[in-house]
Amino acid sequence: AGGIVALLFAMRIPSTRAVVSLDGSYGTTEGSRNTLRVPGFDSAAMRASLLDLRRDQGVQEVKLDSAVFESLVRSDRYIARFRYMWHGDFTEYGEIARIFRLPLPAPAPPDGRTRETGYVGNQHAYRAALDFLDFVIRGDRHAQKAMVNELTTSPGVVLRHVPPAK
């Protein structure tokens, strides 16, 4: 719900310049459907830049739906899909689970996801988020390149950039 709230905030507060979403539910099939029906959802009002960081299609059986992302045509949008991260890896849980060697969810994933891959993805995601904010808020063009590099060198990440419509 945090990602949905962040989008609604940016839609209602035009001075918002950047939104970072960590595996926001608006990017899933059910979450997208619900988000598009939320009173006050106005994709045309969203002008803040968006960095959408999320687990990839099928990870933890997630079914992605990009309808909300695609609807934000006035926003400069980046979406990065992480093949080797669980939902919890976008929070402090990923690091805590690694430190305390918590077991992986059963059954073990056949695609190579581990506590270590979740931690590595988390570190790339967080550094990219900071670079994104430096780029959008401070206007640092080097930060944009650093963000892209951070995401494209993280194993199993696919990055897509969609500039705002003219």
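Residues numbered from 1 in each chain as written. Predicted model: local features only at pLDDT ≥ 70, side-chain atom pairs only at ≥ 80, totals over all residues. Heavy atoms only, no water.

### Some words on the environment of Leu 51
- Tracing the backbone shows Leu 51 in strand β2 (residues 49-55).
- Residue Leu 51 is classed as buried on the basis of its relative accessible area, which comes to 0%.
- For the pair formed by Leu 51 and Leu 22, sequence separation is 29 residues and the distance between their alpha carbons is 8.6 Å.
- In this view, Leu 51 contacts Val 19, Val 20, Ser 21, Tyr 78, Ala 128, Ala 129, Phe 132, Met 147 and Leu 151; residues no more than four positions away in its chain are not counted. (Helix = DSSP H or I, 4+ residues; strand = E, 2+ residues; numbered from the N terminus. Buried < 20%, exposed > 50% of the residue type's maximum accessible area, 1.4 Å probe, protein only. Contact = heavy atoms within 4.5 Å.)

### Here we look at the nonpolar core
- Counting 18 residues, the largest nonpolar core has Leu 51, Leu 53, Phe 82, Phe 132, Met 147 and Leu 151 as the members making the most contacts within it.
- Going through the elements one at a time, β2, β3 (77-82), α5 (115-138) and α6 (141-152) are the ones with two or more residues in this core.
- Here this core takes six residues from α5, the largest share from any one element.
- If you look at the next biggest cluster of nonpolar residues, it comprises 16 residues, including Ile 4, Ala 10, Leu 50 and Phe 69. (Core = buried A, V, L, I, M, F, W, Y, C linked by side-chain atoms within 4.5 Å.)

### Quick notes on the packing of aromatic side chains
- Counted by the stated rule, this structure contains two aromatic pairs.
- Ring geometry for Tyr 78 and Phe 132: centres 6.2 Å apart, planes at 80°, overall edge-to-face. Of this pair, Tyr 78 sits in strand β3 while Phe 132 sits in helix α5, placing them 54 residues apart in sequence.
- Relative to Phe 90, the ring of Phe 82 lies with its centre 5.6 Å away and its plane at 90°, an arrangement referred to as edge-to-face.
- Residue placement shows Arg 98 over the ring face of Tyr 119; its charged tip is 3.8 Å from the ring centre. (Phe/Tyr/Trp six-rings, centres within 6.5 Å; stacked < 30°, edge-to-face > 60°. Lys NZ or Arg CZ within 6 Å of the ring centre and 35° of its normal.)

### Topic: the side chain of Arg 115
- One can find Arg 115 in helix α5.
- Buried and unpaired, Arg 115 has no salt bridge, with Asp 89 as the nearest side chain of opposite charge at 4.5 Å.
- Non-local contacts of Arg 115, meaning those with residues more than four positions away in its chain, are made with Trp 86, Tyr 93, Ala 97, Arg 98, Leu 102, Pro 103, Leu 104 and Pro 105. (Lys, Arg positive; Asp, Glu negative; His and termini not counted. Salt bridge = Lys/Arg side-chain N within 4 Å of Asp/Glu carboxyl O.)

### Things to note about α6
- Look at α6: 17 Å from first C-alpha to last across 12 residues, which is about the 16 Å you get at 1.5 Å a residue.
- Looking at α6, one finds that the buried residues are Ala 143, Gln 144, Met 147, Glu 150 and Leu 151. Looking down the long axis of α6, one finds its buried residues gathered within 125° of arc, a one-sided arrangement. Facing away from the buried side of α6 by more than 90 degrees, the exposed set consists of Arg 141, His 142 and Lys 145.
- Against β2, β3, α5 and β4 (157-162) lie the buried residues of α6.
- For α6, the capping residue at the N-terminal end is Asp 140, with a side-chain oxygen 2.9 Å from the backbone nitrogen of His 142. (Expected span 1.5 Å × (residues − 1). Arc of directions from axis to C-beta. Polar contact = N/O pair within 3.5 Å; in protein donor to acceptor, adjacent residues only side chain to side chain.)

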